[in-house]
Amino acid sequence: MIYLDHNSTTPVDKRVLDAMLPFFTEVYGNAASIDHDPGHDANKAVNVARNQIARLIGAKDEEIIFTSGATESDNIALFGVAEKYANSGNHIITSKTEHKAVLDSCHKLESKGFDITYLDVDSFGRVSIDAVRDAITSKTILVSIMYANNEIGTIAPVREIGALTRERGIIFHTDATQAVGHVPINVDECNIDLMSMSAHKMYGPKGVGGLFVRRRIPRVRVAPVIYGGGHEKGIRSGTLNVPGIVGFGTAAEIARNAMHDEKTQYLSYSKLFLDVIQSRVGEVFINGSMTERLPNNLNISVPGIESKSLVVQLKGIAISTGSACTSSSVEPSHVITALGHGAERAHSAIRIGWGRFTTTDEVERAASIICDAIQRVRALNLR
Ligand SMILES: *Cc1c(COP(=O)(O)O)cnc(C)c1O
């Protein structure tokens with residue numbers, strides 16, 4: 001099986017697993033029970049991980065809140081800000097191409113009386129800074145725009161948005177799940193106030209993630225979504241997933257050192273893959289931007305080919321049609337649809353995600369198998 005769906009999830013890096021293992025059976029203390037050595041050791045390991053993650057994004061250790069993943073982080077950011085700042089206003093700005101964790105939270109907030117602006121994106125999937133500026137009202141409390149899109153890899157003008165929201169005194173949340181560990185991020189340079197992350201998109205384990213919460217200038221406050229023992233500064237109660245957090249931290253450390261070389265590698269894979277596809281099956285459309293793009297993501301539409309029928313023809317390759325979270329429905333992707341190229345383009349989109357352990361040989365084989373499948377589907381369509 002050639003796994004090329006790394007925007008959906010990544011395997012756990014062996015070095016990450018090795019770092020985690022002792023925390024299941026040897027160092028099994030509760031990180032909140034620091035009256036004894038087992039608890040103290042677990043707490044120490046959590047703090048090392050907090051530092052590793054903070055370093056990756058230019059944050060301070062105490063600004064990292066551990067969660068069960070980016071879905072939970074997005075929920076805390078949206079519901080937590082909505083509740084805390086309800087007295088200042090009820091307007092939130094987001095975009096039409098956000099992950100469902102943000103969009104569905106926004107829909108719920110609408111039913112609670114919040115007013116949500118869903119910004120359009122351009123044909124490359126980018127929100128314009130002018131559109132954000134024009135949408136701001138005296139009631140705007142939060143702008144939530146994803147750092148990089150999970151389907152088309154488009155990177156948002158995060159720095160410009162952050163400069164604008166800071167100037168206007170509005171909180172800026174970004175779902176950076178696809179970007180963290182893949183492209184350099186600095187929360188201070190970009191004036192990010194809240195940022196969602198997930199370990200399993202960067203070679204860490206599933207079920208653990210983080211929320212960056214700015215502590216100073218401004219001090220951002222979020223109401224909890226889960227109540228209990230007051231862990232994680234009261235923002236996220238619940239006994240910490242120590243092995244998972246250790247894995248997340250180790251994954252962050254590895255990514256910080258590897259991301260530069262990986263980018264070069266992935267860009268060469270994308271070029272190789274597109275060269276083979278275009279020479280064998282002719283024109284394909286690239287969804288998203290070629291410049292403002294995650295290096296590990298490629299999303300293409302093959303004219304006249306339904307991506308669902310293509311994937312059925314593919315044996316031994318894992319790629320995705322639209323986002324995995326909605327792949328049980330037959331609706332075309334809301335992201336590709338938002339690019340405005342029409343329904344056919346959305347129905348024919350496939351997403352390919354290179355990973356740390358992808359080899360040149362796998363890229364060549366995958367390109368060849370996908371071309372064979374495209375030719376088979378074309379032959380079937382002619383009959
Ligand atoms: C994967 C993903 C999520 C969900 O993360 P989980 O940790 O699986 O809950 C949210 N947002 C984006 C952009 C993602 O890619």
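Residues numbered from 1 in each chain as written. Predicted model: local features only at pLDDT ≥ 70, side-chain atom pairs only at ≥ 80, totals over all residues. Heavy atoms only, no water.

**Student:** How should the environment of Lys112 be read in this particular structure?
**Tutor:** Note on placement: Lys112 falls in the loop between α5 (100–111) and β4 (115–119). On the accessibility criterion, Lys112 (53% relative accessible area) is exposed. Spatially, the C-alpha atom of Lys112 lies 35 Å from that of Met202, the residues being 90 residues apart in sequence. (Helix = DSSP H or I, 4+ residues; strand = E, 2+ residues; numbered from the N terminus. Buried < 20%, exposed > 50% of the residue type's maximum accessible area, 1.4 Å probe, protein only.)

**Student:** Got a minute to help me understand the sheet that holds strand β10 (residues 297–301) in this structure?
**Tutor:** Whenever strands of a sheet pair, they do so through backbone hydrogen bonds, lying parallel or antiparallel. Taking strand neighbours across the sheet as the criterion, the three strands line up as β9-β10-β12 in an open arrangement whose pairing is antiparallel. The sheet is open, and its two edges are formed by β9 (285–286) and β12 (349–353), each paired on a single side. Here β9 runs beside β10; their pairing, made up of two bridges, is antiparallel. Bridge pairing in β10 links Ile286 to Ile300. (Pairing = 2+ DSSP bridges.)

**Student:** What should I look at first to understand the domain arrangement of the chain in this one?
**Tutor:** For the chain, the assigned domains read domain 1 (14–253) and domain 2 (258–371). Contacts between the two partners involve 29 residues from domain 1 and, on the opposite side, 28 residues from domain 2. At the boundary of domain 1 with domain 2, total buried surface from both sides reaches about 2,400 Å², with 59% on carbon and sulfur atoms. On the domain 1 side of the contact with domain 2, Glu151, Ile152 and Tyr203 bury the most area, a combined 32% of that side's loss. At the boundary of domain 1 and domain 2, one finds one salt bridge. A salt bridge links Glu292 to Arg126; the nearest nitrogen and oxygen atoms lie 3.6 Å apart. Between the two partners, domain 1 and domain 2, sit ten residue pairs in polar contact (both at pLDDT 80 or more). When the residues that make up the side of domain 1 that touches domain 2 are grouped by side-chain class, the tally is eleven nonpolar, eleven polar and seven charged. (Domains from an automatic or database assignment. Contact = heavy atoms within 4.5 Å. Buried area = accessible area lost by both parts, 1.4 Å probe. Salt bridge = Lys/Arg side-chain N within 4 Å of Asp/Glu carboxyl O. Polar contact = N/O pair within 3.5 Å; in protein donor to acceptor, adjacent residues only side chain to side chain. Nonpolar A, V, L, I, M, F, W, Y, C, P; charged D, E, K, R; others polar.)

**Student:** Even after reading the chapter, I still don't get the packing of helix α3 (residues 37–57) against helix α8 (residues 242–281), so can you show me in this structure?
**Tutor:** Two measures define how a pair of helices packs: the angle their axes make with one another and the distance between the axes. Relative to each other, α3 and α8 sit at 30°, their axes nearing to 8 Å. Taken together, α3 and α8 sit at an angle that is classed as roughly parallel. Once α3 is placed against α8, the crossing between them reads as left-handed. Across the interface between the two elements, Ala42, Ala45, Val46, Ala49, Gln52, Ile53, Arg55 and Leu56 from α3 touch Val242, Ile245, Val246, Phe248, Gly249, Thr250, Ala252, Glu253, Arg256 and Met259 from α8. Residues that form the contact of α3 with α8 fall into these classes: twelve nonpolar, three polar and three charged. (Axes fitted to C-alpha atoms, helices over the stretch in contact; angles between N-to-C directions. Parallel < 35°, antiparallel > 145°, perpendicular 65-115°, else oblique. Left-handed = near helix turned anticlockwise from the far one by under 90°.)

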